[in-house]
Amino acid sequence: MTDDISTLRRILRDTRTIAVVGLSAEWHRPSYFAAKYMQQHGYRILPVNPRYDEVLGERCYASLREIEVPVDMVDVFRRSADVLPIAEQAVAIGARCLWQQIGVVNREAAELARAAGLDVVMDRCVKIEHARLFGGLHWAGVNTRVISAKRPV
Amino acid sequence: MADHSFQPETLAIHAGQIPDVATGARALPIYQTTSFVFDSADHAASLFNLQTFGNVYSRLSNPTVAALEERVAALEGGRAALASASGMAAEAMALLSLLQQGDHVVAAGALYGGSVSMLAVNLRKLGIETSFVDVNAPDAFAAAMRPNTRAVFAESLGNPSLAVLDIAAVAEVARAHGVPLIVDNTVPSPFLCNPIRFGADIVVHSATKYLAGHGTTLGGVIVESGKFPWDNGKFPGMTEPSAGYHGVRFLETFGDFAFTMRARMETLRVYGAALSPMSAWQILQGVETLHVRMERHCRNALAVAQFLRADPRVSWVNYPGLPDHPQHALVARQMRVVDDAPGASGLLAFGVKSRTADAAGGLAAGVKFIEAAQFMSHLANIGDTRTLIIHPASTTHRQLDDAQQRAAGVLPDMVRISVGIEHIDDILWDIDQALAAASA
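Keep in mind that this is a model prediction, so the values were computed, not measured.

Calculation rules
Residue numbers run consecutively from 1 along every chain, following the written order of its sequence. Written order determines the labels here, with chains lettered from A and ligands numbered from 1. Per-residue local features of the predicted model are confined to residues with pLDDT of at least 70, and side-chain atom pairs are confined, for both listing and counting, to 80 or more; whole-chain, interface and lining totals are unaffected and use all residues. By definition, any uninterrupted DSSP run of H or I lasting at least four residues is a helix, any uninterrupted run of E lasting at least two residues is a strand, and each is numbered from the N terminus. Note on contacts: residues are paired as contacts if their backbone-placed C-beta atoms lie within 7 Å. Note that the domain bounds reflect an automated or database-derived domain assignment. Each residue is assigned to one class: nonpolar for Ala, Val, Leu, Ile, Met, Phe, Trp, Tyr, Cys and Pro, charged for Asp, Glu, Lys and Arg, and polar for all the others, Gly among them. Burial in this document is a count-based property: other C-beta atoms within 10 Å of a residue's C-beta are tallied, and the residue is buried at 20 or more, exposed at 12 or fewer, or partly exposed in between, with C-beta positions derived from the backbone. Only strands joined by at least two bridges in the DSSP assignment are considered to pair. The axes are straight lines fitted to the C-alpha atoms, using for helices just the contacting stretch, and the angles between their N-to-C directions are given from 0 to 180°. The cut-offs work like this: below 35 degrees is roughly parallel, past 145 is roughly antiparallel, 65 to 115 is roughly perpendicular, and the gaps in between are oblique.

Some points on the environment of A131 of chain A
Reasoning step 1: Residue position: A131 of chain A is located in helix α5 (residues 126-134).
Reasoning step 2: On a C-alpha basis, the gap between A131 of chain A and Y37 of chain A in space is 9.3 Å, while along the polypeptide they are 94 residues apart.
Reasoning step 3: Apart from residues lying up to four places away in sequence, A131 of chain A is in contact with G136 and L137 of chain A together with F53 of chain B.

Side note on the domain arrangement of chain B
All names here are of chain B.
Reasoning step 1: On domain assignment, one finds that chain B holds domain 1 (8-287) and domain 2 (290-438).
Reasoning step 2: Taken residue by residue, the interface counts 28 residues in domain 1 and 26 residues in domain 2.
Reasoning step 3: For the side of domain 1 that touches domain 2, the secondary structure elements donating two or more residues are α1 (8-14), α8 (189-192) and α12 (277-287).
Reasoning step 4: Here the side of domain 1 that touches domain 2 is composed, by residue class, of 17 nonpolar, 8 polar and 3 charged.

What to know about unusual backbone geometry
All names here are of chain B.
Reasoning step 1: Of note, the bond from N159 into P160 is cis; its omega dihedral lies within 30 degrees of zero at 5°.
Reasoning step 2: Here P160 shows up in the loop between β4 (149-155) and α7 (167-176).
Reasoning step 3: One non-glycine residue, D340, lies in positive phi territory at about 65°.
Reasoning step 4: The exposure class assigned to D340 is exposed, which follows from the 5 C-beta atoms found within 10 Å.

Looking at the environment of D72 of chain A
Residue and element names in this part refer to chain A.
Reasoning step 1: Within the element layout of this structure, D72 appears in the loop between β4 (58-59) and β5 (73-76).
Reasoning step 2: By C-beta crowding, D72 is classed as buried, having 20 other C-beta atoms within 10 Å.
Reasoning step 3: Contact partners of D72, with chain neighbours within four places excluded, come to D14, T15, R16, T17, I18, A95, R96 and C97.

Observations concerning the sheet that holds strand β2 (residues 104-108) of chain B
All names here are of chain B.
Reasoning step 1: Within the open sheet, the 7 strands sit side by side as β1-β7-β6-β5-β4-β2-β3. Their pairing is mixed. Each end of this open sheet is capped by a strand with a single partner; those strands are β1 (80-84) and β3 (129-133). For this sheet the average axis-to-axis angle between neighbouring strands, irrespective of direction, equals 20°.
Reasoning step 2: Bridge analysis of β2 against β3 gives 5 bridges, and the strand direction is parallel. Among the inter-strand pairings, V105 is bridged to a residue of β3, identified as T130.
Reasoning step 3: Across the sheet, helix α3 (residues 63-76) is in contact with β1, β6 (202-206) and β7 (220-224); its angle to β1 comes to roughly 130°.
Reasoning step 4: Strands β1, β4, β5 (181-184), β6 and β7 of the sheet are contacted by helix α4 (residues 87-98), whose axis makes an angle of about 40° with β7.

With respect to the sheet that holds strand β8 (residues 314-318) of chain B
Residues and elements named next belong to chain B.
Reasoning step 1: Overall, mixed pairing links the 5 strands, which are arranged β8-β11-β14-β13-β12 in an open sheet. On the outer flanks of this sheet lie β8 and β12 (377-378), each paired with one strand and no other.
Reasoning step 2: Where β8 lies against strand β11 (residues 347-352), 4 bridges are found, and the strand directions are antiparallel. Of the residues in β11, the one forming a bridge with N318 is A349.

Structural notes on the packing of helix α3 (residues 83-92) of chain A against helix α4 (residues 107-115) of chain A
What describes two packed helices is the angle between their axes and the distance between those same axes.
Residue and element names in this part refer to chain A.
Reasoning step 1: Where α3 meets α4, the closest approach of the two axes is 8 Å, and the angle between their N-to-C directions is 10°. Viewed along their axes, α3 and α4 adopt a mutual orientation that is roughly parallel. Here V83, L84, I86, A87, E88, A90 and V91 of α3 come into contact with α4, specifically with E108, A109, L112 and A113.
Reasoning step 2: For the contact of α3 with α4, a count of residues per class yields 9 nonpolar, no polar and 2 charged.

Given below as structure tokens:
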């Protein structure tokens, strides 16, 4: 499981498109917080939720398989028990990273994705990790564990 | 590559501060500004909605203050921290973030006087009641728990009692009742003791003391472990939409640093006891040498305790670092080793022997000792580089009668020393000549 700073940095640097599975359109929900943050930091958000037509100004897809553009990361805001089929679809559409959000832990899904060559992150928030490693979270007084004598790039 | 785990000596210098993004400045810049511009209306909205991290106004957050916050969080092994204008402000914000009218606190009895006042007088006025219990009896903490208890509060090393809290035992009591244990860790500093390692949920500091070390600047810090189960049903303010901040659900939104965010956005934002950037910078100058100073404080204090123990002009010595101190085993379990002995910090208390064994004789001897000191400073602070002395019976506790003083752990002949980092021979010389004057 990816847990170290250098790999998380690489994943977040290489990613351009993020399919957010289970994205809510309600502004105060954590999935909306995270997706809006990532969108503001230059990532293209591809919402996946059969309940909506559009979220954050982007067309909302009913499933990963419907997305027509290349997906770099599949970011999962669903119950742990529901992740396995999402992991299978992530592999099928050629995603490069399966990211299970804080509180989402499905080891079988993680193993499946890793065996297929995907980077796998579990039980972490993509927004918090981005803010931790590329600035921002530090201003909230959080222990980022970043120790460095280099300017962040 | 797995992340390297850094030692406290390195964290004291580096944690929370990488070279400045804008300028490359290696030392920490002082961001002496009240406010920060928004890039756009949308950026402003995202900041106010807490959807993106950033600075709005220095009452809420400030980059210089953030460096202190992250550094103390790292030194304590915590998840996040919030700085405040003083140690008392840190304690008040930790408690006010957790408690409301009708709640109850279980607190150690031998606390710093300011903490006793806050709990017994100020919070009581708000309808929050506190039961004070024997700090040495974890069972007493358990016995004092009520259905409406929402916090347990104690000091890791008492000031001025020097009582040692069995953190793991009291944390277990708090955990069994589903409430957080808040530990004031000012006297050991995070270099000598990390209460979170032993199960504490929230740590508070007066950064004015050892963290700063120079006796120039007031400040306080709250640290959160990130491990408390706020969704256990007792803390709806953490799980339900916030009336104090746009209906945000803090736990759901911020996870393991939700308490710090709530303390920042609901409590600090409204009560306003923010730390100034200049003060944060000054405190951080001290933190960079915390580990070097604490080792010297411990070494000097143990030497002073041993000197006093062997001196016939001294009637008693209380220093948890002495091997025959009743709580020495606990000190050994909880405190970092310095020179092959548990580091018990720089505070000790002793009695000046008087010609007459009564209270008046003890009082007079204590006063004489204080007045005869040459470079040991007679003042009410602790944790300075300088050696500080005070005679509580004639100063901080003088408004109490003899019986009340004894109940507060203050004896007529008691002198408290905050042993500094001057040369030990000079400290012992000043003590020796002051004892000579006191017993003349």
